[in-house]
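Analysis of the macromolecular model
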Amino acid sequence: MAADLEHFEYDVVIVGAGGAGLRAAIAAREAGLRTAIICKSLFGKAHTVMAEGGIAASMGNVNSNDSWQVHFRDTMRGGKFLNSWRMAELHAKEAPDRVWELETYGALFDRTPDGRISQRNFGGHEYPRLAHVGDRTGLELIRTLQQKIVSLQQDDERETGDPESRLKVFAEVTITDLLQDPSGAIAGAFGYWRESGRFVRFNAPAVVLATGGIGKSFKVTSNSWEYTGDGHALALRAGSTLVNMEFIQFHPTGMVWPPSVKGILVTESVRGDGGVLKNSEGKRFMFDYVPDVFRGQYAETEEEGDRWYTDPDTNKRPPELLPRDEVARAINSEVKAGRGSPHGGVFLDIASRRPPEEILKKLPSMHHQFKELADVDITKEAMEVGPTCHYVMGGVEVDPDTAAAAGVPGLFAAGEVSGGMHGSNRLGGNSLSDLLVFGARAGTGAAAYVLALGDRRPDVDQAVVDAAAAAALAPFEEEGGENPYTLHQEMQQTMNDLVGIIRTAAEIERALERLEDLKARAEHLTVEGHRQFNPGWHLALDLRNMLAVSECVARAALLRQESRGGHTRDDYPTMDPHWRGRNLICSADGDGIVVREQPMPSMRGDLLALFDTGELAKYLTPDELAAVPAPATPTDGSGS
Amino acid sequence: MSYDARFRVWRGDADGGELVDYTVEVNEGEVVLDIIHRLQATQSGDLAVRWNCKAGKCGSCSAEVNGMPRLLCMTRMSTFTETETVTVTPLRAFPVIRDLVTDVSFNYAKARQIPAFAPPDLAPGEYRMQQVDVERSQEFRKCIECFLCQDTCHVVRDHESNKEAFAGPRFLIRAAELDMHPLDAREDRADFARDEQGIGMCNITKCCTEVCPEHIKITDNAIIPMKERVVGRHYDPLVWLGTKIGLRKR
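Residues numbered from 1 in each chain as written. Chains lettered and ligands numbered in written order. Predicted model: local features only at pLDDT ≥ 70, side-chain atom pairs only at ≥ 80, totals over all residues. Heavy atoms only, no water.

Looking at the sheet that holds strand β10 (residues 199-203) of chain A
Residues and elements named next belong to chain A. Spatial strand order, β1-β10-β9-β8: four strands in an open sheet with mixed pairing. In this open sheet, the two edge strands, each paired with only one partner strand, are β1 (5-9) and β8 (173-180). Each adjacent strand pair in this sheet contributes to an overall mean axis angle of 20°, direction not counted. As paired elements, β1 and β10 share five bridges and run parallel to each other. Considered in β10, the bridge of E6 is made with V200. (Pairing = 2+ DSSP bridges. Helix = DSSP H or I, 4+ residues; strand = E, 2+ residues; numbered from the N terminus. Axes fitted to C-alpha atoms, helices over the stretch in contact; angles between N-to-C directions.)

Structure representation (structure tokens):
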């Protein structure tokens, strides 16, 4: 085995090279620590590149009324008050500094007329708040951080003669297990090079998980193959806990046809610029789906809705612009009722509503996307769209200030793999800012932990390393087992059909039965070929993670008997203040997952005072409401 | 409307390999990457290919389709006839690792040689730039690093020995991007392009521009202006005089 195993010593190992991982690496390296960045793909290809809209930060460049308090309030509302309020507070306060810092790394954002960073409106944000670069903000973010990493390596080369002396990128390496000492403290990580299939072992007292989301557990997703819940599963297996796993954001408009692009996002701006949703009967069905809480805020006739685009002051906005979860549910209902489009979505029509030149001017990238990927000209034909699994609000339970994972000394998590920040539903634009704010905090937190350890570094037993190697090779040992691709497709179908956008106890229970069956079958997978760049083998290993994460989603979804944000129970269709005060915490128990309720800490008085009592009454129980201190000063009254 | 297509996919590794014939189902609306994935799932579980976003945004699935450098996710099957054999091979300019996966580390090495953005003496948040001024560099920052331009550039592709001296189109646009950045504090980007990146080896055949999936005008908007800057700075007697007598910053 020894010849087969490469061995590295680091202070901090960052698993994941998207926005959170790279920002964490910069922080750890700037704290003077030897840092390894593990990329599952090539450097610079992380899923962060897919983000379009922008980075939310209350810089106030376009509307100077914006402040961290307003951003905080919007974030809590978007998450339906289930957010970790401390994370939401840190996020709102620090996002502007994290964005400005990107300019010092070389980022080139779009500008305001006076030369500042431009900011755009987005759903749920009270003021124009999203720093952006056209509709490729994620690419700008990843490239900027990538180039900052390179610049730090150049500094190290000047100082030490070796660009990789303090900061090294391990491209196309997958971590399969965390290594711990007998007390459970992090001692390193174990994985393989995709290129050669050879094993690699990192000794390091701190590991930062920044592995992103879990979308590949679902059939229709906007996520790439990497999104297999690796960090979620690594944390579980190491003894840490996951929070809010029942909350999954389904974006209402993903492409459904052709199959090659199923799940790829169609930006919200199509509807903002006049596009409407129609069913197979040609009816604008969203008017039938305005929920009571929003009644009076949205147009009731097509005529009024249409007038809003040019005269938003005296007309109400069309119901196509309801929050993402509402629109996604409505599309789902239409398809279930048999009024869907030929390929199982509904029609998003802008062709009949706006002249071709206007569509080309306002939505160039959407025109390009449909033309290149689907051979559909959106100035002439309607698009077919349907909900697509987009983002998991849930993740590793962390300490808000240091990003330290619950229960495992030396383990940290940031970005989509962490939980709490977004509560039950994330606002657009709050993801990129989350990556930067908590990526930096995780890097700093990990560095502080390592420096405090001094020479007392945890050590791992050889038996633990051998076991990790054996587990990774298991799919090659079995003969006559199942094809991992087949098993993956069955799991995706199960999650899509039974733990998708609308859930019932009976369906979730069926999903759990199927997951048990799949787990048992996943013990006997067979992969062909050898270890060098073998996607079948990689999938076989990723499946274990996807199954664990899927079980977390299903078990938590079964327990939470209410509907809130990214969790809709047909059998419990309303929000319940009792559940607002409770997090569901998943942990590993042998081969299975157990879920327990955990009360949330009460929000600090000065933060509560940012909301008026009428709004708090929608979320808090009568007892909680009675305990709220009277506000010393009225809020600015813009609390709609 | 399904049909069975004939595919020839290069299978092998650094020690050699061959084109392998497959017959594989194709459905309406699919792209070449879908067909490669179907081969993986049904006929050849260990067929190696890189891919991530499947939407033309990450630049991972670069390969050659019927000899043309392409993103597999952006090559629609409808561009071929049903009887046509589709041949998929790895990028020719880089060493093969396995099947369609090549070793593109050359590009990361070149990236590390370019001096990083040099921030101006301004506090974070104090940067002011006009949209019209940032747009020139923004065009080059659309680059998704698919390296198709590097693969197709004959300076790189046909002459292995050039790789040492020539950075390739992707990194010439990086130099141009930094040169045109309104607040970059360095003045020697053109010198670097001449002395370290070998910009003189490019003879402007525009092959790179043709294959760029982001439609970046690599030659017209980056390489030619940089070549002109190189010439202007080094061969223009007025510039030389200006530099000598201190009218022009070096």
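Thoughts on helix α12 (residues 462-477) of chain A
All names here are of chain A. Over its 16 residues, α12 extends 22 Å from the first C-alpha to the last, a length consistent with the 22 Å expected when each residue adds 1.5 Å. Buried within α12 are the following residues: V465, A468, A469, A472, L473 and P475. Of the surrounding elements, those touching the buried residues of α12 are β1, β8, β9 (186-193), β10 and α15 (535-559). (Expected span 1.5 Å × (residues − 1). Buried < 20%, exposed > 50% of the residue type's maximum accessible area, 1.4 Å probe, protein only. Contact = heavy atoms within 4.5 Å.)

Digging into the interface of chain A and chain B
Each partner contributes to the interface: chain A provides 63 residues, whereas chain B provides 62 residues. Summing both partners gives a buried area of about 5,200 Å² for chain A against chain B, and 51% of it is carried by carbon and sulfur. Contact with chain B buries surface across chain A, with K45(A), L108(A) and F533(A) losing the most and accounting together for 13% of the total. At the boundary of chain A with chain B, the tally comes to six salt bridges. Each residue belonging to the side of chain A that touches chain B can be placed in one class, and the counts come to 23 nonpolar, 21 polar and 19 charged. (Buried area = accessible area lost by both parts, 1.4 Å probe. Salt bridge = Lys/Arg side-chain N within 4 Å of Asp/Glu carboxyl O. Nonpolar A, V, L, I, M, F, W, Y, C, P; charged D, E, K, R; others polar.)

Quick word on the packing of aromatic side chains
Residue and element names in this part refer to chain A. For the structure shown, the criterion picks out 20 aromatic pairs over all chains. Ring geometry for F8 against F202: centres 5.7 Å apart, planes inclined by 25°, an arrangement best described as stacked. Of the two residues, F8 sits in strand β1 while F202 sits in strand β10, which places them 194 residues apart along the sequence. Residues F8 and F202 agree in their burial class; the two are buried. Seen from their ring centres, F190 and F199 are 5.0 Å apart, and the 40° between their planes marks the pair as tilted. The aromatic ring of F533 is capped on one face by R194, whose charged end is 5.2 Å from the ring centroid. Here the guanidinium or amino end of R354 rests over the ring plane of Y309, the centre of that ring lying 5.0 Å away. (Phe/Tyr/Trp six-rings, centres within 6.5 Å; stacked < 30°, edge-to-face > 60°. Lys NZ or Arg CZ within 6 Å of the ring centre and 35° of its normal.)

Overview of the nonpolar core
Burial of nonpolar side chains together is a common tendency in soluble globular proteins. Within the largest apolar cluster, 245 residues are counted, with the highest numbers of intra-cluster contacts made by F202(A), L209(A), F7(B) and L72(B). Apart from the residues within four sequence positions on either side, F7(B) is in contact with V20(B), D21(B), Y22(B), V24(B), V32(B), I35(B), M77(B), T85(B), V86(B) and V88(B). M76(A), W85(A), L607(A) and L610(A) belong to the second-largest nonpolar core, a separate cluster that totals 14 residues. (Core = buried A, V, L, I, M, F, W, Y, C linked by side-chain atoms within 4.5 Å.)

A few points about the sheet that holds strand β14 (residues 276-278) of chain A
Residues and elements named next belong to chain A. If you walk across this open sheet you meet the four strands as β13-β16-β15-β14, and the pairing is antiparallel. Because the sheet does not close on itself, it has two edges, and the strands there are β13 (248-255) and β14. Here the average twist between neighbouring strands, direction ignored, is 45°. Sheet analysis places β13 next to strand β16 (residues 383-392), joined by six bridges and oriented antiparallel. Looking at the pairing, I248 lines up with V392 of β16. Its contacts with the sheet put helix α8 (residues 324-336) on β13, β14, β15 (346-349) and β16, and the angle it makes with β13 is roughly 60°.

Observations regarding the confidence of the model for chain A
On average, chain A scores 93 in pLDDT, and the residues at 70 or more come to 98%. The low-confidence segment residues 636-640 of chain A (pLDDT under 50) makes seven contacts with residues lying over four places distant or belonging to another chain. (pLDDT = per-residue confidence, 0-100.)

Remarks on the pattern of salt bridges
Throughout the structure, instances matching the rule amount to 77 salt bridges over all chains. Linking R157(B) and E64(B) is a salt bridge whose minimum nitrogen-to-oxygen distance equals 2.8 Å. Of the two residues, R157(B) is situated in helix α5 (residues 154-157) and E64(B) in strand β3 (residues 62-65); the sequence distance between them amounts to 93 residues. Of the two residues, R157(B) and E64(B), neither departs from the other in class, the shared state being buried. A salt bridge links D99(B) to R98(B), with the nearest nitrogen and oxygen atoms 3.8 Å apart. There is no split in this pair, since D99(B) and R98(B) are both buried. Salt bridges sharing partners connect three or more residues here, namely D66(A), R73(A), D74(A), R77(A), E126(A), R129(A) and E615(A).

Looking at the packing of helix α13 (residues 484-498) of chain A against α15(A)
Residues and elements named next belong to chain A. It is at 9 Å that the axes of α13 and α15 come closest, and there the two elements cross at 25°. For the element pair α13 / α15, the angle class is roughly parallel. Like other packed secondary-structure pairs, α13 and α15 cross with a definite hand, here left-handed. Only P535, G536, L539, A540, L543, M546, L547, S550 and V553 of α15 make contact with α13, whose side of the interface consists of P484, Y485, L487, H488, M491 and M495. Split into classes, the residues belonging to the contact of α13 with α15 amount to twelve nonpolar, three polar and no charged. (Parallel < 35°, antiparallel > 145°, perpendicular 65-115°, else oblique. Left-handed = near helix turned anticlockwise from the far one by under 90°.)

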